[in-house]
Amino acid sequence: MNRKNIVIYNIIILFNLYFFIAVCFSIVYIALTILKLGYIVDHYASAAHQNQLIDLISRSLYFSYITLFAVGYGDMTPLGLSKAVSMIQAFVGFILPYAILLKYLIYKPSFLKNHKK
């Protein structure tokens, strides 16, 4: 495997990892809302709009991605247990880039050492 293929492979793995984490957290937000243990309030949408199932799904996905990548914009607020979940997700979003960076800078895979060009 050449270096270009390794980089492309790692980008695909990284994309899938972030996608999986964001979707899993959005499922948790949806479950908390359905169980009435936590909510995500959109400050720019009406209450009638926020009661729709499609809005619950899209709001949870949006909030999950924004919390993972940017620790929020302030347009949505978690309430109840969603606050604790969003804190955990923000921590994961903050630590994950450093963990990936350390993996590839300090602990280089052995196949890279054997196939340098």
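Structural data are supplied above this passage.
First, a word on what this report is: a plain description of the structure on this page. (Residues numbered from 1 in each chain as written. Predicted model: local features only at pLDDT ≥ 70, side-chain atom pairs only at ≥ 80, totals over all residues. Heavy atoms only, no water.)

1. Thoughts on a nonpolar patch on the surface
Part 1: Judged by side-chain polarity, Phe91, Phe94, Ile95, Tyr98, Leu101, Leu102, Leu105 and Ile106 come together as a nonpolar surface patch covering roughly 850 Å² of accessible area.
Part 2: Mapped onto the fold, Phe94 is located in helix H4 (residues 81-105).
Part 3: For Phe94, a relative accessible area of 52% translates into the label exposed. (Patch = residues over 30% accessible without salt bridge, like charges linked within 9 Å, V, L, I, M, F, W, Y side chains within 5 Å. Areas by Shrake-Rupley, 256 points an atom, 1.4 Å probe, with all protein chains shown as cover. Salt bridge = Lys/Arg side-chain N within 4 Å of Asp/Glu carboxyl O. Helix = DSSP H or I, 4+ residues; strand = E, 2+ residues; numbered from the N terminus. Buried < 20%, exposed > 50% of the residue type's maximum accessible area, 1.4 Å probe, protein only.)

2. Topic: the environment of Ile40
Part 1: Mapped onto the secondary structure, Ile40 falls in strand S1 (residues 38-42).
Part 2: Residue Ile40 is classed as buried on the basis of its relative accessible area of 4%.
Part 3: Between the alpha carbons of Ile40 and Leu53 there is a distance of 13 Å; along the sequence they are 13 residues apart.
Part 4: Setting aside its immediate chain neighbours within four residues, Ile40 contacts Tyr29, Gln50, Arg59, Ser60, Phe63, Met76, Thr77, Pro78 and Ser82. (Contact = heavy atoms within 4.5 Å.)

Shape descriptors only; they carry no functional weight alone.
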